[in-house]
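# Descriptive structure summary
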Amino acid sequence: MPAHLDPRLLSAFVTVAEELHFTRAAARLYVAQQALSRDVRRLERELGSELFVRTTRQVTLTADGERLVPFARRVLAAQDDLLAAFGQARPLLVDLNSPGLVTGRRVLHRARELAPDCELMARYESGLTGAAAELLAGRLDASFGRFAGLDPALRTGLEQQPVRYEPMAVVLPDDHPLAARKTVPLSSLAGETVYAGAGNPRTPEWTGLARQLFEGRGIRIAPPLPLAVGDEEFERIMAKTRHPILAVVDFPAMPRTVLRPLVDPVPLSSVSLVWRKGLVHPGLGALRRAATEVAVAEKWLHRPAEGWIPASDVNVMSVHN
C-alpha cells in the first residue's frame, strides 16, 4: 500500500464511478479524457487493484471499486471541509434552473458581491427534482425551486430557505385570442390545453403545482412532448404545438409569443434556496445572506391577499432553517 494517496486521483475515481463513462467524467472535471484515464490507472497501480472493468461498450465497477467508493467520498468530503475552514474552498456550484430566470440569478449576483474571494459558478439543471439528485450526489451544491413539490425521500437529505412567492403567468402565441389582454384571468383558460412540463423527469414539482391549480377550472394539462434540450428546441416544439405555457412573470421572452400575468386569483410559485444537508462552504453562507437581502429588498416573501398557493407550500415557506 502507498504511504500517501493524491486526493486528485480519488476525485478522478469517484467521478468515473458516478458516471460510469470516461468521456462524461472528463467533461465534469474539465480535463482531457486521456489524462483522466492515466489518473485512474495510476490509482489502480498504487492500490494494487483493478477498480473498473472497461469494454468498448461500457464501464463497470469491480468489487474492489465498489469497496473503495465510500472511503474515497469520505476523504474528499473531509478535504472540502478542511479547505472551507481555511478559506480555500473549491467553487460553489449553484443551479439556476434556466439561463433566463431572474430569481436565482439575482441572488447569485448579490452573493458574489458579498463574497468576492469565493468562486460561485452557475449551472443549469432545468428543474428542482433533477437538481436534487445532483445535490444529493455531491455534483451540485445549491439550487432554487419548489421544495414542497419534491419527493419526501429527496427532501430528507436537503435543507431549504424560502426566497420568493413568484407570481405565475401564461405564455401565449401572439395571435391567441387572449394575447390582447394585459392580464389573463384563470377562468378564461377554461377549455384550453396548457403545457406544464408533463413527462419531464426533471420538473414533476412544476407539473404537480399546475395540476393543483387547474383542478376544477376546466383547464387541461398538455400531454408529454419530446424532451427539448436548449432554448431553440423548446421554442420550436412549442411553436409547433401552439399550446399556452404555464410560466412565471420573469419567464424569458420567446419569439412570436406574449407573456401575461395570471389573475383572479394570482397563482404563486414558492421558490426556495435548496442545498445538501451538512454542506460546509463559505460560499453557502454568502448565498443564504444574499437570498435574505434580495427577498427583503424586493418584498419577495410578501404574499398578496388575492394569491393562490397550495397548503403544502405555505407550510414549507413558513419554515426557516
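A short tour of the structure in this document, coming up. In this text, all values refer to a predicted model and were calculated from it rather than measured experimentally.

This part takes up the pairing of strand E5 (residues 142-145). Both faces of the sheet carry side chains from a regular strand, because those side chains alternate between them. Burial of E5 is two-sided: the residues Ala142 and Phe144 facing one way and the residues Ser143 and Gly145 facing the other way are all buried. The pairing of E5 with strand E12 (residues 266-276) spans 4 bridges and is classified as antiparallel. Within E12, the position partnered with Phe144 by the bridge is Leu273.

The linkage connecting Asp264 with the following residue, Pro265, adopts the cis geometry, with an omega of 0 degrees. If you trace the backbone, Pro265 turns up in the loop between strand E11 (257-263) and E12. Of note, the phi angle at Arg242 is positive, near 60 degrees, even though the residue is not glycine. Checked against the element boundaries, Arg242 lands in the loop between helix H9 (231-241) and strand E10 (245-248). Its relative accessible area of 45% is what places Arg242 among the partly exposed residues. One non-glycine residue with positive phi stands out, namely Asp264, at about 55 degrees. Its place among the elements puts Asp264 in the loop between E11 and E12.

Here helix H1 (residues 7-19) is 13 residues long and its end C-alpha atoms lie 18 Å apart, about the 18 Å a rise of 1.5 Å per residue gives. Within H1, 10 of the 13 residues are buried, which leaves it mostly tucked inside the rest of the structure. Buried within H1 we find Leu9, Leu10, Ala12, Phe13, Val14, Thr15, Val16, Ala17, Glu18 and Glu19. You can read the cap of H1 off the contacts: a side-chain oxygen lies 2.9 Å from the backbone nitrogen of Arg8, and it is on Asp6. Immediately beyond the C-terminal end of H1, within one or two residues, lies Leu20, with a positive phi of roughly 50 degrees.

Thresholds, definitions, all that
- Residues numbered from 1 in each chain as written.
- Predicted model: local features only at pLDDT ≥ 70, side-chain atom pairs only at ≥ 80, totals over all residues.
- Heavy atoms only, no water.
- Buried < 20%, exposed > 50% of the residue type's maximum accessible area, 1.4 Å probe, protein only.
- Helix = DSSP H or I, 4+ residues; strand = E, 2+ residues; numbered from the N terminus.
- Pairing = 2+ DSSP bridges.
- Expected span 1.5 Å × (residues − 1).
- Polar contact = N/O pair within 3.5 Å; in protein donor to acceptor, adjacent residues only side chain to side chain.

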